[in-house]
Amino acid sequence: TDMMHGNLQVSSTLGAGSCFSFDVTVPLAQADRLRIDNGDELMSVPAYSILLVDDDLINRFAGRSLLEQAGQTVVEAKNGQIAVESAESQLFDVILIDIHMPVMDGISATRAIREGSGACRHTPIIGLTASVMSDEKERYLAAGMDAVVEKPILIGKLLRTIQQLTENRSV
């Protein structure tokens, strides 16, 4: 406590025990950034508002869990149509969208968001898929996605992609 310019207090009662307490002054961390362990490196990640779109409940649960552990705010949508409606009415920093979904797939939803007049028309959209052959990836990007991240998702890679896209938008 001395090294941290604090105080240490002790009170003791014979036969009852002792109570130790201390106080120190420490600077507050930035509330909008979190450092996460990405294998061999620590990343400093801003907090983002994310729309996570996937028809699979387990994929949404896993994605939401990973993102929230990394300090992100997540809104879920179970298909592309709900994603388009959410993107029309709410502003997100980034949209993560599965490619293959019923009702409306990720490609159609991306086109609808880009062609719409909603708050997220220019929001970065990242496709999430196991189908990442080069011709498929080109098709996703041509539809208006800004990047594609393959499944299974590696949270460090996903957060790095999100950070790169959002930083490029703000420049």
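So, here's what we can say about the structure. (Residues numbered from 1 in each chain as written. Predicted model: local features only at pLDDT ≥ 70, side-chain atom pairs only at ≥ 80, totals over all residues. Heavy atoms only, no water.)

### Observations concerning the layout of surface pockets
Our working rule: We place a 1 Å grid over just the protein atoms. Points where a 1.4 Å probe fits but has no way out form a cavity, open points with protein on both sides within 12 Å along at least 5 of 7 lines form a pocket, and any residue with an atom within 4 Å of a point lines it. Grid points are joined across faces, edges and corners, and a volume is the space filled by probe spheres set on the points. The helix count covers DSSP runs of H or I at least four residues long, the strand count covers runs of E at least two residues long, and both are numbered beginning at the N terminus. Three classes are used: nonpolar for Ala, Val, Leu, Ile, Met, Phe, Trp, Tyr, Cys and Pro, charged for Asp, Glu, Lys and Arg, and polar for all others, with Gly counted as polar.
Estimated volume of the largest pocket: approximately 210 Å³. Together, 14 residues line the largest pocket, and Asn-59, Ala-62, Gly-63, Lys-151 and Ile-153 are the ones closest to its centre. For the lining of the largest pocket, the elements supplying multiple residues, two or more each, are helix H1 (57-69) and helix H5 (155-170). No other element matches the six residues that H1 contributes to the lining of the largest pocket. Per-class residue counts for the lining of the largest pocket are nine nonpolar, two polar and three charged.

### Here's the deal with the environment of Ser-49
To keep things clear, this is the line we draw: We call two residues in contact whenever any of their non-hydrogen atoms come within 4.5 Å of each other.
Examined against the element boundaries, Ser-49 turns out to sit in strand S5 (residues 49-53). In this structure, the C-alpha to C-alpha distance between Ser-49 and Val-94, residues 45 residues apart in sequence, is 6.8 Å. Ser-49 has contacts with Thr-73, Leu-91, Phe-92, Asp-93 and Val-94, leaving out every residue within four places of it along the chain.

### Thoughts on a nonpolar patch on the surface
Short version of the rule: Residues qualify for a patch when their relative accessible area is over 30% and they have no salt bridge, like charges being joined within 9 Å and the nonpolar side chains of Val, Leu, Ile, Met, Phe, Trp and Tyr within 5 Å. To measure how exposed things are, a 1.4 Å probe is used in the Shrake-Rupley method; for residues, cover is taken only from the protein chains shown. Salt bridges are identified by distance alone: a Lys or Arg side-chain nitrogen within 4 Å of an Asp or Glu carboxyl oxygen.
On the surface, Leu-8, Val-10, Phe-20 and Phe-22 cluster together to form a nonpolar patch covering roughly 480 Å² of accessible area. Elements with a minimum of two residues in the nonpolar patch: strand S1 (7-13) and strand S2 (17-23). Tracing the chain through its elements places Phe-20 in strand S2.

### Remarks on helix H2 (residues 80-89)
The criterion, for reference: Three labels apply to residues, based on accessible area from a 1.4 Å probe with only protein chains included: buried if under 20% of the type maximum, exposed if over 50%, partly exposed otherwise in between. What the arc measures is the spread of directions leading from the helix axis to the C-beta atoms. Two N or O atoms count as a polar contact when they lie within 3.5 Å, although within protein this holds only if one can serve as hydrogen donor and the other as acceptor, and sequence-adjacent residues are included solely when both atoms are side-chain atoms.
Of the positions making up H2, those classed as buried are Gly-80, Ala-83, Val-84, Ser-86 and Ala-87. Along the axis of H2, the buried residues cluster in a sector spanning 165 degrees; they form a single face. By the N-cap criterion, in which a side-chain oxygen at the helix start approaches the backbone nitrogen of a residue two or three places on, H2 is capped by Asn-79, the distance to Gln-81 being 2.9 Å.

### A look at the sheet that holds S5
Just so we agree on the cut-off: At least two DSSP bridges between two strands are needed for those strands to be called paired. Where helices are involved, their axes are fitted lines through C-alpha atoms of the stretch in contact, as for all axes, and angles between N-to-C directions lie from 0 to 180°.
Strand order across the open sheet formed by five strands is S6-S5-S7-S8-S9, with parallel pairing between neighbours. Both edges of this open sheet fall to strand S6 (73-77) and strand S9 (147-150), since each of them pairs with a single strand only. Recorded for the sheet is a direction-independent mean angle of 25 degrees between the axes of neighbouring strands. The sheet contact formed by strand S8 (residues 125-129) and S9 spans four bridges and is parallel.

### Quick word on unusual backbone geometry
As a rule of thumb, non-glycine residues mostly have phi less than zero, and peptide bonds are mostly trans rather than cis. With an omega of 0 degrees, the peptide bond running from Lys-151 to Pro-152 counts as cis. Position of Pro-152 relative to the elements: it lies in the loop between S9 and H5. Of note, the phi angle at Val-103 is positive, near 70 degrees, even though the residue is not glycine. With respect to the helices and strands, the residue Val-103 is situated in the loop between strand S7 (94-98) and helix H3 (106-115). A residue is classified by how much of its surface remains accessible, and Val-103, at 70% relative accessible area, is exposed.

### Here we look at the packing of H2 against H3
For the record, the criterion: For this classification, under 35 degrees means roughly parallel, over 145 means roughly antiparallel, 65 to 115 means roughly perpendicular, and everything else is oblique. Handedness of a crossing is defined here by the sense of rotation of the near helix relative to the far one, left-handed for an anticlockwise turn of less than a right angle and right-handed for a clockwise turn.
Two elements in contact, H2 and H3, have axes separated by 9 Å at closest approach and are oriented at 20 degrees. Here H3 runs roughly parallel to H2, going by the angle between their axes. Helix-helix and strand crossings are classified by hand; for H2 and H3 the assignment is right-handed. Facing H2, whose interface residues are Gly-80, Ala-83, Val-84 and Ala-87, H3 presents Ala-109, Ala-112 and Ile-113. Of the residues in the contact of H2 with H3, the class split is six nonpolar, one polar and no charged.

So far we have only geometry, and geometry alone does not tell us how the molecule works.
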